[in-house]
Amino acid sequence: MTAILIVIIVANVLISYKAFQDDYFFRKYEFHIGSIRSGESLRMITSAFLHVDMAHLAFNMITLFFFAPVVISNLGTLSFLLVYFGSLICGSLLTLQFHKDEFHYRAVGASGAVTGVLYAAILLKPDMNLYLFFIPIPIPAYVFGIGYLLYSIYGMKSRRDNIGHTAHFGGAIGGYAITLFNQPHLFVENTFMVVLLAIPIIILFILAKSGKI
């Protein structure tokens, strides 16, 4: 694990832990449409270092821990940072676009950045498998990634929590686009995965266009 990955994980843990103990801190830096539209644009970045609870934090950081090294080893540290923060910003921008008229809308989480890293890793290493502790067989990483986004559609529709599910998609789009721009040969060498990973993104926009989400 590289130093930059450690720094990002530690920052998420420390800032989230501070927010768990301090509701004022949490409310000041969370993603909140009304506040952002009134000029507090920094929330679009700071909210990505806050989490709803320990389970939310742990899931994002464990996912980042497993997939970030693949991106770093293939693209280098600078490109990894571009994927991470580019996906973070894409996630926030898509959330703002989807919910711009819902001034009460709130969300937190590093999910946009993490999903971007996840998508980048799958594009770079499509044969990668995951071993989840509750499933005794290896799971292809692309199945996990697509399932993660399909669950996000459910989360966007149900709105039962404060997790930034819309940011998952923005992050996926960011990680997908940045990686393909950086490594255009993947269009030829990994055409099937490029098309497969685009499917849940296309589904999202079809649902949005039809007013079903």
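Higher on the page you've got the structure.
Thresholds applied
- Residues numbered from 1 in each chain as written.
- Predicted model: local features only at pLDDT ≥ 70, side-chain atom pairs only at ≥ 80, totals over all residues.
- Heavy atoms only, no water.
- 1 Å grid on protein atoms, 1.4 Å probe; cavity = no way out; pocket = protein on both sides within 12 Å on 5 of 7 lines; lining within 4 Å.
- Points joined across faces, edges and corners; volume = space filled by probe spheres on them.
- Helix = DSSP H or I, 4+ residues; strand = E, 2+ residues; numbered from the N terminus.
- Nonpolar A, V, L, I, M, F, W, Y, C, P; charged D, E, K, R; others polar.
- Core = buried A, V, L, I, M, F, W, Y, C linked by side-chain atoms within 4.5 Å.
- Buried < 20%, exposed > 50% of the residue type's maximum accessible area, 1.4 Å probe, protein only.
- Contact = heavy atoms within 4.5 Å.
- Phe/Tyr/Trp six-rings, centres within 6.5 Å; stacked < 30°, edge-to-face > 60°.
- Lys NZ or Arg CZ within 6 Å of the ring centre and 35° of its normal.
- Salt bridge = Lys/Arg side-chain N within 4 Å of Asp/Glu carboxyl O.

Participant: Explanation requested: empty space enclosed by the protein in the structure shown.
Facilitator: Where empty space is left in the structure can be found by rolling a water-sized probe over the atoms. Scanning the entire structure with this criterion turns up one cavity of 30 Å³ or more. In this structure, the largest cavity is lined by 13 residues; those nearest its centre are Phe-31, Ser-47, Ser-92, Gly-109 and Ala-167. It is helix H6 (residues 77-99) that provides the largest number of residues to the lining of the largest cavity, a total of four residues. Looking at the lining of the largest cavity, its residues break down into six nonpolar, seven polar and no charged.

Participant: Would you explain the nonpolar core in this entry?
Facilitator: Formed by 53 residues in total, the largest nonpolar core has its most connected members in Leu-64, Phe-67, Phe-80, Tyr-84 and Val-117. Among the secondary structure elements, those contributing two or more residues to this core are helix H1 (3-21), helix H5 (54-75), H6, helix H7 (111-124), helix H8 (141-158), helix H9 (165-182) and helix H11 (191-209). Considering each element in turn, this core owes the most residues, 10 residues, to H7. Beyond its immediate chain neighbours, meaning those up to four positions away, Phe-67 contacts Val-117, Leu-118, Ala-121, Met-128, Leu-130, Ala-141 and Phe-144.

Participant: What is the right way to read the packing of aromatic side chains from this model?
Facilitator: Geometry of an aromatic ring pair is reported as the spacing of the ring centres plus the angle between the planes. Applying the stated criterion to the full structure yields nine aromatic pairs. Centre to centre, the rings of Phe-59 and Phe-144 are 6.3 Å apart; their planes meet at 40 degrees, and the pair counts as tilted. With Phe-59 in helix H5 and Phe-144 in helix H8, this residue pair connects regions lying 85 residues apart in the sequence. Its relative accessible area of 37% is what places Phe-59 among the partly exposed residues. Taken together, the aromatic side chains of Phe-59, Phe-67 and Phe-144 make up a single cluster linked through ring pairs. The side chain of Lys-18 reaches across the aromatic face of Phe-25, ending 5.7 Å from its centre.

Participant: In this structure, what is going on with the pattern of salt bridges? I would like to understand it.
Facilitator: Pairing between side chains becomes possible if they bear opposite charge and their charged atoms approach one another. In the structure shown here, the tally under the stated rule is six salt bridges. The closest approach of N and O atoms between Asp-22 and Lys-18, which form a salt bridge, is 3.3 Å. With relative accessibility at 40%, the residue Lys-18 sits in the partly exposed group. Note that Glu-30 and Arg-106 form a salt bridge whose closest N and O atoms lie 2.3 Å from each other. One end of the pair, Glu-30, is in the loop between helix H2 (23-29) and strand E1 (31-32); the other, Arg-106, is in strand E2 (residues 106-107), and 76 residues separate them in sequence. The class for Glu-30 is buried, based on a relative accessible area of 0%. Taking relative accessible area as the criterion, Arg-106 reaches 34% and is therefore assigned partly exposed. A network of salt bridges, in which partner residues are shared, links Asp-23, Arg-27, Glu-30 and Arg-106.

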